[in-house]
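Coordinates in review
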Amino acid sequence: MMGDPEAAREDAERALELNWLDVKSLQLFAKLSDKETVELILDQFPNEVAARGWIRAAAISAVRTMFEFNRPQRGIDLVSDYCANTTDPAFNAEEADFWIGFGLLLLRRFDEAIVHLERHLDDERFGKSARLHLGECLFEVGRADDALRMIEDAYSDGVFPRAFNLFYFLLRFTGGRMRESWEEYRNRDFSRALARNFGNKYVQHLDEIPRDQSVFMIAEGGPGDELRFATMYPELSSRFSRLTITCEPRLWSILQRNFPSIRFVPTARWRKEMVPSDYATRRGIGDEKLIYTLSKEAAVIAETSDAFCSVCDVLADLRPDYSAFGKTQSYLMARPDLREEWAKKVRLQGVSELPNIALSWRSMLRHVRRDMHYLAVDDLAPLKSLDAVYWLFQTGVEDEEVADLKRLLPNVRLADPLDLKDDFEGMAAFLANMDCVIAPCNTTAELAGALGVPTIMFGRTRGSRWRARESGQDIWHPSVRNAFGEPLGNRAATVEAIVSELRLTLKQPAPAELAAE
């Protein structure tokens, strides 16, 4: 946290030497090391558990680590090996069965996971977790009412404060209870930390803030979340004449230019899986819940403003139902000079008469809970059936991915020399020259939607449907169409749905339709 990665890495190595199976130590080490080294460590976990005599503490720690590091099948295999080899008197077959159920959930084998998890609803140790995981499984198999009852039952013990639950949010949102779902944000640990640290300055309802007051709001989440929620900025700007909002530093230029009546304060936000970049900006922030989002400069502004809240707090007031969404085709404009500059490059590097498609298939961040939404490069081969130029617009794209796509698809291009991580003005200018964008629910899709560029946003989970109208149009961005495969989650079906939507967007008939003509 203090900006000394070398010392942090040494400490993480020492922690691992003390206990190779400690998930917290390995998480810290993974932030500061390369993937290959982490993979070598994980490969040794079965041997390490065996060396410790297959005792419960070692086995369960190893299983949890495998799940955390996106290796659910290896975690399940470890549970089975544990059951076969242990003589530990602490061994509990019911606990092992619970972890198998959780692993099956991560593998998206929901029907099988349900069978395992249902056996543990009354267990004192992990019955509540079993209910929450079971609620997720029931949601994913389409049993929304049962899922909602299961999650509410998990919280019926009245133990507060409770954590934000994504599936509780999604169930109420897709059930038409949008205001209630947004109010979930007001129950988070983060919101309680704001109330603790800023007292009466912190408010959660717009109608509590007089229009003539100076108002300070903090943005949350990643850049994609911030771009999506920026759809509310015109309304907030018209409501408050003295409005200040924090922003991801990389978004400062594009936001300040598009919303000149709002003062934007660049404030780096750190994800917990990343190494903090500048701890000095956090000196004076004494609450762990705030340090990833709030800087000392932002805290001073909050303390000196008349009122202070999070952008997420006002969603319940500004987006209470479907009619409140998608009122404008776009709310961001690319810089005209950069847009023209990229127009020339696209014309020069593209293929005359062919449409230009920006292509993204995953997030830069990888995790078991993220990867279930995305596609792999090999999945994209059916896109070759369309006549188009595909511009690889994938942040953190790997050389092997580029080589494979050039092999799989014709007319593949790189958006050189564009920085797809930090240059949002350049990314906006590039996307404004595209005929269509293909992306999952990531920053690329949100930026394209905010610009009003035709976009096909694909999803592979039932949770992905929360923002799609019955027509398939996205509730946030009118220019975005949602694409889902049938069966949902199937990779080939997902790509088939993308191709179908792309043909409609580009007005290119399928080969069978051409033959019929």
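Coordinates for the structure precede this section.
Note that the coordinates shown come from a computational prediction; the quantities given were computed from them, not determined experimentally.

Bringing the overall build of the protein chain into the picture now. Looking only at helices and strands, the protein chain has 25 helices and 10 strands in total. When each of the 517 residues of the protein chain is scored for burial, the buried share is 53%. Intrachain contacts of the protein chain at a sequence separation of at least 6 include 65% that bridge at least 24 residues. Looking at the protein chain as shown, the accessible area adds up to about 23,300 Å², and 50% of this sits on carbon and sulfur atoms.

Scanning all chains against the criterion turns up 45 salt bridges. Asp11 serves as the salt-bridge partner of Arg14, at 2.3 Å between the closest nitrogen and oxygen. Pair noted here: Arg14 and Asp11 are both in helix H1 (residues 5-18), with a separation of three residues, about one helical turn. Here Glu140 makes a salt bridge to Arg108, at a shortest N to O gap of 3.9 Å. Separated by 32 residues along the polypeptide, Glu140 in helix H9 (residues 127-140) and Arg108 in the loop between helix H7 (93-106) and helix H8 (110-117) bring together distant segments of the chain. Each member of the pair, Glu140 together with Arg108, is buried. Each of Asp225, Arg228, Glu446, Arg467 and Asp474 takes part in a single network of salt bridges with overlapping partners.

Take helix H13 (residues 189-198) next. All buried positions along H13 are accounted for by Phe190, Ser191, Ala193, Leu194 and Phe198. Each buried residue of H13 lies within a common arc of 160° when the element is viewed along its axis, so the set occupies one face. Elements that come into contact with the buried residues of H13 comprise strand S1 (214-218), helix H17 (296-304) and strand S4 (307-310). Within two residues after H13, Gly199 carries a phi angle of roughly 50°, on the positive side.

What follows concerns the packing of aromatic side chains. Here the structure, examined in full by the defined rule, presents 31 aromatic pairs. Between Phe67 and Phe102, the aromatic rings sit 5.5 Å apart at their centres with planes inclined by 80°, giving edge-to-face as the arrangement. Residue Phe67 is located in helix H5 (residues 56-68), and its partner Phe102 is located in helix H7; the two are separated by 35 residues in the primary sequence. This pair shows no difference in class: Phe67 is buried, exactly as Phe102 is. Between the aromatic rings of Phe325 and Trp476, the centroid separation amounts to 4.9 Å while the plane-to-plane angle is 90°, which identifies the pairing as edge-to-face. One end of the pair, Phe325, is in the loop between helix H18 (315-318) and helix H19 (336-349); the other, Trp476, is in the loop between strand S9 (455-459) and strand S10 (480-484), with 151 residues separating them in the sequence. By the burial criterion, Phe325 is buried, and Trp476 matches it. Members of the aromatic cluster, each reached through a chain of ring pairs, are Phe164, Phe169, Phe173, Trp182, Tyr185, Phe229, Phe325, Trp466 and Trp476. A cation over a ring is seen here: Lys345 above Trp342, with NZ or CZ 4.6 Å from the ring centre.

Taken in spatial order, the four strands of this open sheet run S3-S2-S1-S4, and their pairing is parallel. A single partner strand is all that each edge strand has here, and the edge strands are strand S3 (263-266) and S4. In this sheet, adjacent strand axes meet at a mean angle of 20° when their direction is disregarded. Alignment of S1 against strand S2 (residues 242-247), held across four bridges, turns out to be parallel. Across the sheet, the residue bridging to Val215 is Leu243, located in S2. On the sheet, H17 packs against S1, S2, S3 and S4 and is oriented at approximately 145° with respect to S3.

As paired elements, S2 and S3 share four bridges and run parallel to each other. Residue Ile245 lies in a different strand from S3, and its bridge partner there is Phe264. In terms of handedness, the path from S2 via helix H16 (residues 252-258) over to S3 forms a crossover that is right-handed.

Attention now goes to the nonpolar core. Residues Met217, Tyr233 and Phe430 are the most contacted members of the largest nonpolar core, which totals 140 residues. Among the elements that take part in this core, H7 stands out by supplying eight residues, more than any other. Residues contacting Met217, with those up to four places away along its chain left out, are Leu206, Leu236, Phe240, Leu243, Thr244, Ile245, Thr246, Cys309, Val311 and Val314. Counting 28 residues, the second-largest nonpolar core is a separate cluster that includes Val377, Leu408, Leu409 and Ile456.

Let us now look at the environment of Val402. On the secondary structure map, Val402 appears in helix H21 (residues 399-408). With 11 residues separating them in the primary sequence, Val402 and Arg413 have C-alpha atoms 9.3 Å apart. In contact with Val402, other than residues within four places in its own chain, are Leu392, Val397 and Leu414.

What follows covers the sheet that holds strand S7 (residues 412-414). Spatially, S7-S6-S5-S8-S9-S10 is the arrangement adopted by the six strands of the open sheet, whose pairing is parallel. The two strands at the open ends of the sheet, each matched to only one other strand, are S7 and S10. Within this sheet the neighbouring strands show an average axis-to-axis angle of 25°, counted without direction. Pairing of strand S8 (residues 436-439) with S9 involves three bridges; the strand directions are parallel. Residue pairing in the sheet places Ile438 in a bridge with Ile456 of S9. Running at roughly 165° to S9, helix H24 (residues 491-506) makes contact with strand S5 (356-359), strand S6 (389-392), S8, S9 and S10 of the sheet.

Right, let's get into the packing of H7 against H8. For the pair H7 and H8, the least separation of the axes is 8 Å and the interaxial angle reads 160°. Looking at the two axes, H7 sits roughly antiparallel to H8. Note on packing geometry: the crossing formed by H7 with H8 is left-handed. Together, Asp97, Phe98, Ile100, Gly101, Phe102, Leu104 and Leu105 of H7 and Phe110, Glu112, Ala113, His116 and Leu117 of H8 make up the contact between the two elements. When its residues are assigned to classes, the contact of H7 with H8 shows eight nonpolar, two polar and two charged.

Our focus in this paragraph is the pairing of S4. The two faces of S4 match: Ala307 and Cys309 on one face and Phe308 and Ser310 on the other face are all buried. Relative to S4, S1 runs parallel, the two sharing four bridges. Counted as the bridge partner of Ile218 is Ser310 from S4.

What counts and how
Residues numbered from 1 in each chain as written. Predicted model: local features only at pLDDT ≥ 70, side-chain atom pairs only at ≥ 80, totals over all residues. Heavy atoms only, no water. Helix = DSSP H or I, 4+ residues; strand = E, 2+ residues; numbered from the N terminus. Buried < 20%, exposed > 50% of the residue type's maximum accessible area, 1.4 Å probe, protein only. Contact = heavy atoms within 4.5 Å. Areas by Shrake-Rupley, 256 points an atom, 1.4 Å probe, with all protein chains shown as cover. Salt bridge = Lys/Arg side-chain N within 4 Å of Asp/Glu carboxyl O. Arc of directions from axis to C-beta. Phe/Tyr/Trp six-rings, centres within 6.5 Å; stacked < 30°, edge-to-face > 60°. Lys NZ or Arg CZ within 6 Å of the ring centre and 35° of its normal. Pairing = 2+ DSSP bridges. Axes fitted to C-alpha atoms, helices over the stretch in contact; angles between N-to-C directions. Right-handed = clockwise from strand over helix to strand, strands pointing away. Core = buried A, V, L, I, M, F, W, Y, C linked by side-chain atoms within 4.5 Å. Parallel < 35°, antiparallel > 145°, perpendicular 65-115°, else oblique. Left-handed = near helix turned anticlockwise from the far one by under 90°. Nonpolar A, V, L, I, M, F, W, Y, C, P; charged D, E, K, R; others polar.

Any functional reading would require information beyond the geometric quantities listed.
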